[in-house]
Amino acid sequence: MMRIDAPFMHISIDHFRDDGALPWSRFSSGEFDWATCRDRFFDGFHRALGAFCQSGNNLILEHILDSDAFLSALTHALQGVDVFTVGVHCPADVLAKREAARGDRRLGSAQEDQLTIHKGHSYDLDVDGTRPVDHILAVWRRRKPPLAFARGFRPV
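Note that the structure is a prediction, hence the values are computed from the model and not measured.

Cut-off values and rules
- Residues numbered from 1 in each chain as written.
- Predicted model: local features only at pLDDT ≥ 70, side-chain atom pairs only at ≥ 80, totals over all residues.
- Heavy atoms only, no water.
- Axes fitted to C-alpha atoms, helices over the stretch in contact; angles between N-to-C directions.
- Helix = DSSP H or I, 4+ residues; strand = E, 2+ residues; numbered from the N terminus.
- Parallel < 35°, antiparallel > 145°, perpendicular 65-115°, else oblique.
- Left-handed = near helix turned anticlockwise from the far one by under 90°.
- Contact = heavy atoms within 4.5 Å.
- Nonpolar A, V, L, I, M, F, W, Y, C, P; charged D, E, K, R; others polar.
- Phe/Tyr/Trp six-rings, centres within 6.5 Å; stacked < 30°, edge-to-face > 60°.
- Expected span 1.5 Å × (residues − 1).
- Buried < 20%, exposed > 50% of the residue type's maximum accessible area, 1.4 Å probe, protein only.

### Concerning the packing of helix H3 (residues 34-54) against helix H4 (residues 68-77)
- Packing of H3 against H4 leaves a shortest axis separation of 8 Å and a crossing angle of 30 degrees. With respect to H4, the axis of H3 lies roughly parallel. Crossing handedness for the pair H3 and H4: right-handed. The segment H3 lies against H4, with Arg38, Phe42, His46, Arg47, Leu49, Gly50 and Gln54 engaging Phe70, Ala73, Leu74 and Ala77.
- Considered class by class, the residues forming the contact of H3 with H4 number six nonpolar, three polar and two charged.

Here it is in structure tokens:
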């Protein structure tokens, strides 16, 4: 197994939800309205990612780019940053099983996301989310510009 030779932080929206930094139970109960807070949360999240990277930190970001606005915000926040993108693909039946096992998502939302999030995007590497992904680090080490993020994930 390859090991990365520099410190990387793994950041995901799920971390904010799972550790209570994002009061998800109060959004889920209807006490707070997620639709009202969503845009400002993601604006702050994307800006924070940029601040981490601009300060010299390495990140492994787990993020669904479900809108052009997300891509635009990240492009701005990560300007000048070496970004290597990985598209994770998974069959619909596997997504449904994983979603049901998690129990914290609306059933069917992963499949809905799958229909749109990869459309028109190309990545530096595509992986099958049902198989081991040990080769990601080796491919990352061999990366050469221009990387997909700098192209806006658009095919060349």
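So that's the structure; there's more coming.
### Focus on the packing of aromatic side chains
- This model, assessed by the stated rule, comprises 13 aromatic pairs.
- Seen from their ring centres, Phe8 and Trp140 are 5.7 Å apart, and the 85 degrees between their planes marks the pair as edge-to-face. Here Trp140 lies in helix H7 (residues 136-141) and Phe8 lies in strand E1 (residues 8-12), a separation of 132 residues in the sequence.
- An angle of 75 degrees between the planes, with centres 4.9 Å apart, marks the rings of Trp24 and Trp34 as edge-to-face. On the criterion of sequence distance, the pair formed by Trp24 in helix H2 (residues 24-28) and Trp34 in helix H3 is long-range, its members being 10 residues apart.
- Grouped by ring-pair contacts, the aromatic residues Phe16, Trp24, Phe27, Phe32, Trp34, Phe41, Phe42, Phe45 and Phe70 constitute a single cluster.

### Thoughts on H3
- Between the first and last C-alpha of H3 there are 29 Å, a value that for 21 residues agrees with the 30 Å anticipated at 1.5 Å per step.
- Among all positions in H3, only Trp34, Cys37, Phe41, Phe42, Phe45, His46, Leu49, Gly50 and Cys53 are buried.
- Next to the buried residues of H3 lie E1, helix H1 (13-18), H2, strand E2 (58-62) and H4.
- Gly56 occupies a position one or two residues after H3 and carries a positive phi of about 95 degrees.

Note that every value here comes from positions in space, so none of it alone points to a role or purpose.
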